[in-house]
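Secondary and tertiary structure notes
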Amino acid sequence: MSALPRLLLAAPMSGSGKTTITAGLIAALTARGLIVAPFKCGPDYIDPGYHALAAGRACFNLDAWLTPPDQIAGVLARRSAGADIAIIEGVMGLFDGYSGSDDTGSSAHIARLTATPVVMVLDARAMARTAAAIVAGLRDFDTQTTIVGVILNRVGSSRHARMVQDAIEGSVGIPVLGFLQRDETLTLPERHLGLIPVAEPGRWQAWLREVRARIEATVDLERVVALARTAPSLDDRAVTLPLFARNERDSEPVIAVARDEAFSFLYEENLDLLRASGARIAFFSPLRDTTFPEGTASLYLCGGFPELYAEALSANRVLLRAIRAAVDAGMPVYAECGGLMYLTDAIIDAEGRAFPMVGALGGRSVMTPRLTLGYRTVRAESDTWLWQRGETLRGHEFHYSAWNDRPEHLPRLYTCLPDAMRPAAFSEGAALNNTLASYIHIHFLACPQAAQRFVAAAAAWQKGALL
């Protein structure tokens, strides 16, 4: 058991301003000299970037559907090592999870698994006393979820904030810790997959300084810290990463990971599990680099927004040819979502412009107005260097593109099993030589054997032994 002051910031619904207030709160506490460990509930890749920027350290995901629930407290404890306080941003509404029948994977589920007190972020525009009814309903819906405070967002004035505060504290008895006044300059810009990642150039530092200043002026930070300290000691029995038996080899195989503005959707836990299995991780930029990192024995092409940088990616012909040659030669290549798009013949952007890509998989990645979103349970269709046929995995997909004109001769990588959202099974992804590509993002913490196999394949390639 370990003592860890902590709070989880949740909301009644998406769009309430959780990310803004969480990032501002992290920045304000960091400015006071506290070491803040940031976390994000759910599978999101973008929001954690804002929290990492505010905290000056990596933000990690807590997802009780993608990863085993009994590991969540361990992830929180491990990733909070050396921190004075942990701040967790929730996902969607407080009780919104995988389905409507229960709250698995929700903010409330994470709060219960980690015994973390909850602070509600309430968008209070156009309401006064009704705010008290909302808070009371959330508190009483599940008495195992402990709501200890409220922060109001988008209030019209300090007088409006006081009116809502009086209603909540007088009728419900839960303290209002402060507020942010409605101001469009605090609204983060969005596009088709949500907020714009901080990996892209922008005004993030200036925005963060402004949000921090507003939080410092109108939120009782002393009380926030005091409430975080009411959290019970954390059960951290699963605090360590899985330990792997390493094969004897002369050197660590290098896994080259795409990372730049176009490719930034990647779980840090996946990289740590690869390191724990004996790999050396080296980053490269498909936008700027013309060669792989020295000694590269495998490629990890993660997700992101390649469609927004399609022209620059296409112009880097030297690297495109190098990746095509690696695929043709049988180097182990693992591509998820944006990585899959990059490996097709071309990306067709929203205006219909075609930009040639690697061309290893064939077909075209075409931007569409339709969002494909959701958790997926998938079954591996064949034995590969990463999966064994019949293995069942959990993943998540989130994209506005479609793989058109997919060559029919390519073997399918997965079967996506039926669920409440998609009642019929469907095939997904592709395997070509030793390249595995799919729209599904897999969290390795739920299948640590994947990290072992990934590194073993890289080591075999390094020795010329991978078939």
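Since the model is a prediction, treat every value here as computed from it, not as a measurement.

This part is about the packing of aromatic side chains. Tallying each qualifying case throughout the model produces 17 aromatic pairs. Judged by centre distance (6.0 Å) and plane angle (70°), the rings of Phe284 and Phe292 are edge-to-face. Exposure remark for Phe284: the relative accessible area of 2% places this residue in the buried category. Taken together, a centroid distance of 6.2 Å and an interplanar angle of 40° make the contact between Tyr334 and Phe444 tilted. Taken together, the positions of Tyr334 in strand β15 (residues 333–336) and Phe444 in the loop between β24 (441–442) and α13 (449–462) put the pair 110 residues apart, joining distant regions of the chain. Phe444 carries the same exposure label as Tyr334, and that label is buried.

Considering all chains together, one arrives at 25 salt bridges under this definition. Two residues, Glu89 and Lys40, come together in a salt bridge whose shortest N-O distance is 3.3 Å. With a gap of 49 residues between them, Glu89 in strand β4 (residues 85–89) and Lys40 in strand β2 (residues 36–41) connect regions that are remote in the sequence. Assigned by exposure class, Glu89 and Lys40 land together as buried. With a shortest N-O distance of 2.5 Å, Arg376 and Glu397 are connected by a salt bridge. One end of the pair, Arg376, is in strand β18 (residues 364–380); the other, Glu397, is in strand β19 (residues 392–404), with 21 residues separating them in the sequence. Accessibility expressed as a relative area gives 3% for Glu397, which makes it buried. One continuous salt-bridge network, built from bridges that share partners, spans Arg78, Arg79, Glu269, Asp272 and Arg275.

This part is about unusual backbone geometry. The bulk of non-glycine residues show a negative phi, and the bulk of peptide bonds are trans. We note that Met92 has phi near 50°; this positive angle belongs to a residue other than glycine. On the secondary structure map, Met92 appears in the loop between β4 and α4 (107–114). Of note in the backbone geometry, Arg154 takes a positive phi value of approximately 60° without being a glycine. For Arg154, the location among the structural elements is in strand β6 (residues 147–155).

Conventions used here
Residues numbered from 1 in each chain as written. Predicted model: local features only at pLDDT ≥ 70, side-chain atom pairs only at ≥ 80, totals over all residues. Heavy atoms only, no water. Phe/Tyr/Trp six-rings, centres within 6.5 Å; stacked < 30°, edge-to-face > 60°. Buried < 20%, exposed > 50% of the residue type's maximum accessible area, 1.4 Å probe, protein only. Helix = DSSP H or I, 4+ residues; strand = E, 2+ residues; numbered from the N terminus. Salt bridge = Lys/Arg side-chain N within 4 Å of Asp/Glu carboxyl O.

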